[in-house]
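The chain contents come next:
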Amino acid sequence: LLLYYLGREAEATEHFRVGIEIMSKVVESDPDNARHYSHLVGMLSYCPAPQFREPERAIQLVTRELQLDESPGKWASLALAQVHARKYEEALTSCKKARSKKIDANTDKMVTVTEAIAEWHVRDKEEAKRKFVQVTTEIEEDAEDNKWRSDLQWWLLRCEVEELMGIDIDEAEPTSQGDRKK
């Protein structure tokens, strides 16, 4: 990912290709180990190099992963893959399923971001934007947890959503509820 962000896209593309190939072989060699699926699902869902995105395959893999481990994070991964496959109503259903489990704060943030993307496409755009701005503001202001702020995949997803919704969180003005308004 770092090579990609440094503008060395040709180098990064080769690393993405090799990484996906290796991760695929690992999953194939040990298909009953849920831990092997996550990175491959992530790359197939939202690799910065769009030619490697295979959201339908990601959905198949995370569906298999859910047979092995029904944790809320897996449901969040399924929802994000569904969003990238333009299956927005299904993504909202998967978000509800994630929330029906005992959900941690980090997973809750990812579910909220995923809901906002799906809702943008099939429901109220202003509410989706408000939800995204609010959760992004929480992530940025959380001094205790910089897991999100230092995660390159989060930044990629954030940039995609900002472009989709036509906003720039850093330019948004705070409102009385703590979220930001453009």
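As the structure is a computational prediction, the values presented were derived from the model and not from experiment. (Residues numbered from 1 in each chain as written. Predicted model: local features only at pLDDT ≥ 70, side-chain atom pairs only at ≥ 80, totals over all residues. Heavy atoms only, no water.)

This part covers the overall build of the chain. A count of helices and strands for the chain gives nine helices and two strands. The secondary structure elements of the chain, listed N-terminal to C-terminal, are α-α-α-α-α-α-α-α-α-β-β. Across the 182 residues that make up the chain, the buried fraction comes to 44%. Just so you have it, the chain exposes about 9900 Å², and 49% of that area is on carbon and sulfur atoms. (Helix = DSSP H or I, 4+ residues; strand = E, 2+ residues; numbered from the N terminus. Buried < 20%, exposed > 50% of the residue type's maximum accessible area, 1.4 Å probe, protein only. Areas by Shrake-Rupley, 256 points an atom, 1.4 Å probe, with all protein chains shown as cover.)

Our next topic: the side chain of serine 94. The residue serine 94 is located in helix α6 (residues 88-100) in this model. Excluding anything up to four places from it in sequence, serine 94 contacts Trp75, Leu78, Ala79 and Gln82. (Contact = heavy atoms within 4.5 Å.)

So, about the packing of aromatic side chains. Under the counting rule described, the total for this entry stands at one aromatic pair. Aromatic side chains phenylalanine 16 and phenylalanine 52 sit 6.5 Å apart centroid to centroid with 70° between the ring planes, which places their arrangement in the edge-to-face category. You can see phenylalanine 16 sitting in helix α2 (residues 9-29) and its partner phenylalanine 52 sitting in the loop between α3 (37-46) and α4 (55-68), a full 36 residues away along the chain. Judged by its relative accessible area of 15%, phenylalanine 52 is buried. (Phe/Tyr/Trp six-rings, centres within 6.5 Å; stacked < 30°, edge-to-face > 60°.)

Before going further, it helps to spend a moment on α4. Taking 1.5 Å of rise per residue, 14 residues should cover 20 Å, and α4 covers 20 Å from first to last C-alpha, within 8% of that figure. Looking at α4, one finds that the buried residues are Pro55, Ala58, Ile59, Leu61, Val62, Glu65 and Leu66. Here the buried face of α4 lies against α2, α3 and α5 (72-84). (Expected span 1.5 Å × (residues − 1).)

This part is about the pattern of salt bridges. Two side chains carrying opposite charge are able to pair once their charged atoms lie near each other. Throughout the structure, instances matching the rule amount to 18 salt bridges. A salt bridge links glutamate 70 to lysine 101; the nearest nitrogen and oxygen atoms lie 3.3 Å apart. You can see glutamate 70 sitting in the loop between α4 and α5 and its partner lysine 101 sitting in the loop between α6 and α7 (105-122), a full 31 residues away along the chain. According to the relative accessible area criterion, glutamate 70 is partly exposed, its value standing at 41%. The exposure class assigned to lysine 101 is partly exposed, which follows from its relative accessible area of 27%. Ionic pairing is found between arginine 99 and glutamate 115, a salt bridge with its closest N-O pair at 2.6 Å. Residue arginine 99 is found in helix α6, and its partner glutamate 115 is found in helix α7; the two are separated by 16 residues along the sequence. With relative accessibility at 30%, the residue arginine 99 sits in the partly exposed group. The class for glutamate 115 is buried, based on a relative accessible area of 11%. Ionic contacts of the salt-bridge type, sharing partners, join the residues Arg99, Asp108, Glu115, Glu119 and Lys131 into one network. (Salt bridge = Lys/Arg side-chain N within 4 Å of Asp/Glu carboxyl O.)

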